[in-house]
Amino acid sequence: MTAKEKKPEKVASKDRKKEKKDSDSAIETRVIKKKKRTEKQQKRKSMRGKTDIETKTERKHDNKGHGNQSKGPWSENILDYFINQKRIQRRDGAEIIWNHAANSKNKLKEALQSDAHMIEADVLLRTSGKKRPIMAHPPATDSDLTLQEWLNGVSSTNKGIKLDFKSIEAVLPSMQILNTLKADIKQPVWINADILPGPGGKAKPVDPKEFLQTVASFFPEVTLSLGWTTGWFPNKNNTGYNWEMVRAMEDICKELKQPVTFPVRAALVHQSWTQLSWLLQTSDRYSLTIWAGKDDIYPVEDLLYVRDNSEEYRVYYDIYDPQNSDLKKAIEHTQNN
């Protein structure tokens, strides 16, 4: 290869360094703007009709309606739980560390030995042999780990549980197994399913009515994680969450009593913030869990924008590096200034 042929590589390297420098500068600028936005948010809060104390009182009143079941540790807010465990310092969703797809014995072992606060795994119903709930994500149809074994392993720790259901067939038998372990569960439990079609989504949603009725019959106070099926494709114009999607979700959730978190795709959040912000504001029971596919491309500035325009305790970030480390770096910088 000649010197002329190598020259474009040097130019590209300089461009990448410049892009990194520009990104760092953008974070510095956003840190300064964050302080101004915080002041505005505090003013808006002071003008609201309800105080924080009134809101907490309403929540306590709502929880009384379900009797002793509301006292189960599986229904505890994860921020409160991990603060009490002295594993986080602040009621900030960004402090929660997630472990994904602990769907095998080896993956579960790694998750239990990690620093993760919340362990997520996918639940399917085994179709061959003895039909029982197993830990697997489509297109996989089998696993070396059953739900019973998974719960036995996690329930003996102080890590939170998040079960992601990929089919309605697995929900009832899974709730029955979970119910037998009620006395052993000392940590919060989140129950997740994509119940509506969303932007670019091709997978079949889990039936919302049957899903919610089944879960509520066993765990009426458990935190529900209710999302949309989505897709994201590089080099394409990926549309975001539109008004029809968020209003359909609100129609389903407005009659619920328990906390609901909406898992939303990081690469689609910024362009959909008007809709998602509206949804978040319709109830103080709601939160967002921002997640990302491993190959999704999006700037950390999108996450910082969300953080600047929402309460810290109402947004969780279940994402990968480099965005995850860049987000934590920006947050640390803000806290130190």
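For the structure, check the block above.
Summary of the structure given here. (Residues numbered from 1 in each chain as written. Predicted model: local features only at pLDDT ≥ 70, side-chain atom pairs only at ≥ 80, totals over all residues. Heavy atoms only, no water.)

The next subject is the side chain of Thr146. Along the chain, Thr146 falls in the loop between β3 (133-135) and α5 (147-154). Given a relative accessible area of 9%, Thr146 falls into the buried group. Residues contacting Thr146, with those up to four places away along its chain left out, are Arg132, Pro133, Ile134 and Met135. (Helix = DSSP H or I, 4+ residues; strand = E, 2+ residues; numbered from the N terminus. Buried < 20%, exposed > 50% of the residue type's maximum accessible area, 1.4 Å probe, protein only. Contact = heavy atoms within 4.5 Å.)

Our focus in this paragraph is α5. The set of residues buried in α5 consists of Leu147, Trp150, Leu151, Gly153 and Val154. Projection of α5 onto a plane perpendicular to its axis shows the buried side chains occupying an angular sector of 160°, all on one side. Looking at the buried positions of α5, the neighbouring elements they touch are α4 (105-113), β2 (118-125), β3, β4 (160-165) and α6 (171-180). (Arc of directions from axis to C-beta.)

The subject of this paragraph is the packing of aromatic side chains. A complete count under the given rule lists 10 aromatic pairs for this structure. Consider the rings of Trp228 and Phe262, whose centres lie 6.1 Å apart with planes at 40°: the pair is tilted. Residue Trp228 is found in strand β6 (residues 223-229), and its partner Phe262 is found in strand β7 (residues 260-265); the two are separated by 34 residues along the sequence. Neither residue differs from the other here; Trp228 and Phe262 are each classed as buried. When the ring of Phe262 is compared with that of Tyr286, the centres are 5.0 Å apart and the planes differ by 75°; the resulting orientation is edge-to-face. In this pair, Phe262 sits in strand β7 while Tyr286 sits in strand β8 (residues 286-291), placing the two residues 24 residues apart along the sequence. (Phe/Tyr/Trp six-rings, centres within 6.5 Å; stacked < 30°, edge-to-face > 60°.)

Let's shift gears to the pairing of β6. With 7 of its 7 residues buried, β6 lies for the most part within the structure. As paired strands, strand β5 (residues 189-197) and β6 are joined by 7 bridges and run parallel to one another. Within the sheet, the bridge partner assigned to Asp194 lies in β6 and is Gly227. Where β6 lies against β7, 2 bridges are found, and the strand directions are parallel. Paired with Leu224 across the bridge in β7 is Val260. Note that the unit made of β6, helix α8 (residues 243-253) and β7 has a crossover that is right-handed. (Pairing = 2+ DSSP bridges. Right-handed = clockwise from strand over helix to strand, strands pointing away.)

Inspection of the secondary structure assignment puts Leu196 in strand β5. With sequence-adjacent residues up to four places away left out, Leu196 is seen in contact with Pro205, Gly227, Trp228, Thr229, Met245, Ala248, Met249 and Ile252.

The next thing to look at is the environment of Lys202. Locating Lys202 in the fold gives a position in the loop between β5 and α7 (208-218). Judged by its relative accessible area of 75%, Lys202 is exposed. Linking Lys202 and Gly231, residues 29 residues apart in sequence, is a C-alpha distance of 7.1 Å.

Take the layout of surface pockets next. For the second largest pocket, the calculated volume is near 1200 Å³. Of all the secondary-structure elements, those providing two or more residues to the lining of the second largest pocket are α4, β2, β4, β5, β6, β7 and β8. Across the lining of the second largest pocket, the residue classes tally to 15 nonpolar, 11 polar and 15 charged. (1 Å grid on protein atoms, 1.4 Å probe; cavity = no way out; pocket = protein on both sides within 12 Å on 5 of 7 lines; lining within 4 Å. Points joined across faces, edges and corners; volume = space filled by probe spheres on them. Nonpolar A, V, L, I, M, F, W, Y, C, P; charged D, E, K, R; others polar.)

Here the focus is the environment of Tyr320. Here Tyr320 shows up in the loop between β9 (315-318) and α12 (323-335). Residue Tyr320 is classed as partly exposed on the basis of its relative accessible area of 25%. Note: C-alpha distance between Tyr320 and Lys294 (26 residues apart in sequence) is 6.8 Å. Tyr320 has contacts with His100, Ala292, Gly293 and Lys294, leaving out every residue within four places of it along the chain.

Our focus in this paragraph is the packing of α4 against α5. Relative to each other, α4 and α5 sit at 15°, their axes nearing to 11 Å. Here α4 is positioned roughly parallel relative to α5, judged by the angle of their axes. Our pair here, α4 against α5, has a crossing hand that is right-handed. Taking contact as the criterion, the partners of Lys105, Leu108 and Leu112 in α4 are, on α5, Glu149, Trp150, Gly153 and Val154. (Axes fitted to C-alpha atoms, helices over the stretch in contact; angles between N-to-C directions. Parallel < 35°, antiparallel > 145°, perpendicular 65-115°, else oblique. Left-handed = near helix turned anticlockwise from the far one by under 90°.)

Another point: unusual backbone geometry. For the peptide bond that leads from Pro138 to Pro139, omega is 15°, which places it in the cis range. With respect to the helices and strands, Pro139 occurs in the loop between β3 and α5. For the bond running from Asp321 to Pro322, omega is 10°, close enough to zero to count as cis. The residue Pro322 is located in the loop between β9 and α12 in this model. Even without a glycine there, the phi angle at Ala101 is positive, about 50°. Residue position: Ala101 is located in the loop between β1 (98-99) and α4. Its identity as a non-glycine residue notwithstanding, Asn235 has a phi of 60°, on the positive side. Mapped onto the elements of the fold, Asn235 is located in the loop between β6 and α8.

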